[in-house]
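Topology and contacts: notes
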Amino acid sequence: MNMEPRYRLAFELYPYEKHADQDASVPVRHPIVIVGAGPIGVATALDLGQRGQPVLVLDDHEGIGEGSRAICFSQRCLEIADRLGCGEAMVEKGVVWNLGKVFHGADRVFEFNLQPEDGHKNPAFINLQQPYFERFLVDHVRAEQAKGTPIEIRGRNRVTALEEKDDHILLSIETPDGPYQIETDWLIACDGARSPLRDMMGLGFEGRVFEDNFLIADVKMTADFPTERWFWFEPPFKDSGQSALLHKQPDDVWRIDFQLGWDIDREKELDEANIRARVDAMLGPDAEYELEWTSIYTFQCRRMEAFRHGRVMFAGDAAHQVSPFGARGANSGMQDAENLAWKLDLVIRGLAPDSLLETYSEERVYGADENILNSTRATDFITPKTEISTLFRNAVLHLAHDHPFARPLVNSGRLSVPCTYDGLSLTGDDTLPGGPGRTRPGAPCVDAPLGNQFLLNTLGQGFTLLTIDAEAPDDLTEVQISITRLALCAEDDATGALAERYLGDTQSAVYLIRPDHHVVARWAAFDEGATRTALRRAIGQE
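Residues numbered from 1 in each chain as written. Predicted model: local features only at pLDDT ≥ 70, side-chain atom pairs only at ≥ 80, totals over all residues. Heavy atoms only, no water.

What follows deals with the overall build of the chain. Counting its secondary structure elements, the chain contains 13 helices and 31 strands. Its C-alpha radius of gyration of 24 Å places the chain within 12% of the 24 Å reference for a compact globule of 542 residues. Burial analysis of the chain (542 residues in total) assigns 57% to the buried set. Of the contacts formed within the chain by residues at least 6 apart in sequence, a portion of 72% connects residues at least 24 apart. About 22000 Å² of surface is accessible on the chain, with carbon and sulfur atoms providing 47% of the total. Of note, the chain has its 53 positive side-chain charges centred 2 Å away from the centre of its 86 negative side-chain charges. (Helix = DSSP H or I, 4+ residues; strand = E, 2+ residues; numbered from the N terminus. Rg over C-alpha atoms; globule rule 2.2 N^0.38 Å. Buried < 20%, exposed > 50% of the residue type's maximum accessible area, 1.4 Å probe, protein only. Contact = heavy atoms within 4.5 Å. Areas by Shrake-Rupley, 256 points an atom, 1.4 Å probe, with all protein chains shown as cover. Lys, Arg positive; Asp, Glu negative; His and termini not counted. Charge placed at Lys NZ, Arg CZ, Asp CG, Glu CD.)

See below:
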């Protein structure tokens, strides 16, 4: 049967090979199947595989499609990739940036620094074309496979149907050699915004569809623009629309984004001559460049009602969609991956109840709602729909030029920050008087320098008891789960960052940290009973 790829590949990484499963007389059973070998699917597979869980990844292509698509990857996303083992390669290839500038017409309104403090291994953001990001993940899968990590990727294996059974899922798969079936205990849907699996289950999205169109033009050129994010409201360039965006990617490629409005002729706007006219107006008539990739997109701010449906979990764009303003899509999806992997691992091992997986949906729906709220606000500010809202926006921009109080109101896309699970089911108590708000229970751990290494690199794949100038046992086991102690002294960090980020106004602190490096609970001193209770709560047994 002919199965031609739907788009051209940037990297062919998992070419089709016939597998013994296809000739089996009865469907072969797999513990975990992930559908979709994009960044979220592969990151989830890496996390589970490194925990010893056999994972099969199915994708309907043989590699990574052309087009830069997502390009902005946040510090939290890079920290997750670093824990998986491929973050350093991404940072080395990517364009590091912390500064952004906002313009109104030809006037610069203000600039901002996303990481004004030192003491982090990873930068606030890198720009890196999504095909590279995905390739580094898949390259690391190959390295893990060489060490015996149980991860398999099958290209040109398209899932055409699923059937939910009492204790497993039956999948029908189409390949160049014809159809076959497999079974899986758990299914993770990472198959994108148009998720066929979501449609097969009759599930939908809730939210808002925005009536606007944006033109992306990735151009290759040598330019002396600084490595910053530049955003224009009502840009001064001819025919550049209501807003414009410029920032640099690797390989001398620059992302240019023009807001076109709603009622457009898409075919006309994608004509190369018309695209070049817009780019020439921005860069100048003498600019020399090549068009690498162009696209027109509209966007939605929507999500599924729940991300878990029995033995099927949805992650990434299959579960939620946001506008690109703020770089919240892939960055949020990577947080889905790290949230799900450790919970599914404990459930499979019988160390946590099945209900723990409900908290995956609880926490990541919470994160999706936070992203949708910020993304919607940014879109409404960038694309005001009424005369009154346009007047308000322009007044804010005018005031922000000279008055700092107005600058927080300017919204060119609140850039992605990690989600804090305030008040949710697994979040424990906070009995650290004067403790820093940024590392409160529910928050992700903040990095800090420790001599020639960094804090996040010293946290393992399991539960950690971080003690700072406090006594505690080196090992503690509760409900068959080990808690490993990381004992530090504030003076280990001569910069004072560790104390500022974890002690605040106190002299000592004890933190219980989850496998995904979110804080469960914290205390001024070790309390064995409180620690055991917090751990049971963190795995859904309280």
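The next thing to look at is the packing of aromatic side chains. Evaluated as defined, the whole model comprises 15 aromatic pairs. Geometrically, the ring pair formed by Phe225 and Trp254 is edge-to-face, given 5.5 Å between the ring centres and 75 degrees between the ring planes. Taken together, the residues span a long stretch of sequence, with Phe225 in the loop between β15 (213-220) and β16 (229-233) and Trp254 in strand β18 (residues 253-261) at a distance of 29 residues. Here Phe225 falls in the partly exposed class, since its relative accessible area comes to 28%. By relative accessible area, Trp254 is classed as buried at 1%. An angle of 90 degrees between the planes, with centres 5.7 Å apart, marks the rings of Trp342 and Phe463 as edge-to-face. Note that Trp342 is positioned in helix α8 (residues 329-348) and Phe463 in strand β27 (residues 463-468), a separation of 121 residues in sequence. (Phe/Tyr/Trp six-rings, centres within 6.5 Å; stacked < 30°, edge-to-face > 60°.)

Right, let's get into unusual backbone geometry. Backbone geometry at Arg156 places phi at a positive 50 degrees, although glycine is not the residue there. Along the polypeptide, Arg156 turns up in the loop between β10 (151-154) and β11 (158-164). With relative accessibility at 15%, the residue Arg156 sits in the buried group. A positive phi is found at Asp251, a non-glycine position, where the angle reads about 65 degrees. Inspection of the secondary structure puts Asp251 in the loop between β17 (243-249) and β18. Under the relative-accessibility criterion, Asp251 is labelled partly exposed at 32%.

An order of β14-β20-β23 is seen for the three strands of this open sheet, with the pairing classed as antiparallel. Looking along the sheet, the strands with just one partner apiece sit at the ends: β14 (206-209) and β23 (320-321). Pairing of β14 with strand β20 (residues 300-303), which is carried by four bridges, proceeds in the antiparallel orientation. Bridge pairing in β20 links Val209 to Gln300. Where helix α9 (residues 356-382) meets the sheet, it contacts β14, β20 and β23, and its direction lies at approximately 165 degrees from that of β20. (Pairing = 2+ DSSP bridges. Axes fitted to C-alpha atoms, helices over the stretch in contact; angles between N-to-C directions.)

Following the criterion strictly, the structure yields 42 salt bridges and no others. The salt bridge partner of Arg278 is Glu269, with a shortest N-O separation of 2.9 Å. Judged by its relative accessible area of 12%, Arg278 is buried. The class for Glu269 is buried, based on a relative accessible area of 14%. With a shortest N-O distance of 2.7 Å, Glu478 and Arg536 are connected by a salt bridge. Of this pair, Glu478 sits in strand β28 (residues 475-478) while Arg536 is found in helix α13 (residues 528-538), placing the two residues 58 residues apart along the sequence. (Salt bridge = Lys/Arg side-chain N within 4 Å of Asp/Glu carboxyl O.)

Counting all residues, the mean pLDDT for the chain is 92, and 97% of those residues have values of 70 or more. Contacts of residues 1-6 to residues separated by more than four positions or lying in other chains number 13 contacts, the stretch itself having pLDDT below 50. (pLDDT = per-residue confidence, 0-100.)

A word on the nonpolar core. Among the nonpolar cores identified, the biggest contains 93 residues, and Met90, Leu171 and Phe463 are the most heavily contacted of them. If one sorts the elements of this core by residue count, α8 sits on top with nine residues. Counting residues in hydrophobic clusters, the runner-up holds 21 residues, among them Ala124, Ala327, Ala400 and Ala406. (Core = buried A, V, L, I, M, F, W, Y, C linked by side-chain atoms within 4.5 Å.)

On to the state of the cysteines, then. With the rule as written, the count across this model stands at zero disulfides. Unpaired in this structure, Cys301 has its nearest cysteine sulfur neighbour in Cys419, at a distance of 16 Å. Owing to a relative accessible area of 3%, Cys301 belongs among the buried residues under this scheme. You can see Cys489 has no disulfide; the closest cysteine sulfur is in Cys445, sitting 18 Å from it. (Disulfide = S-S within 2.5 Å.)

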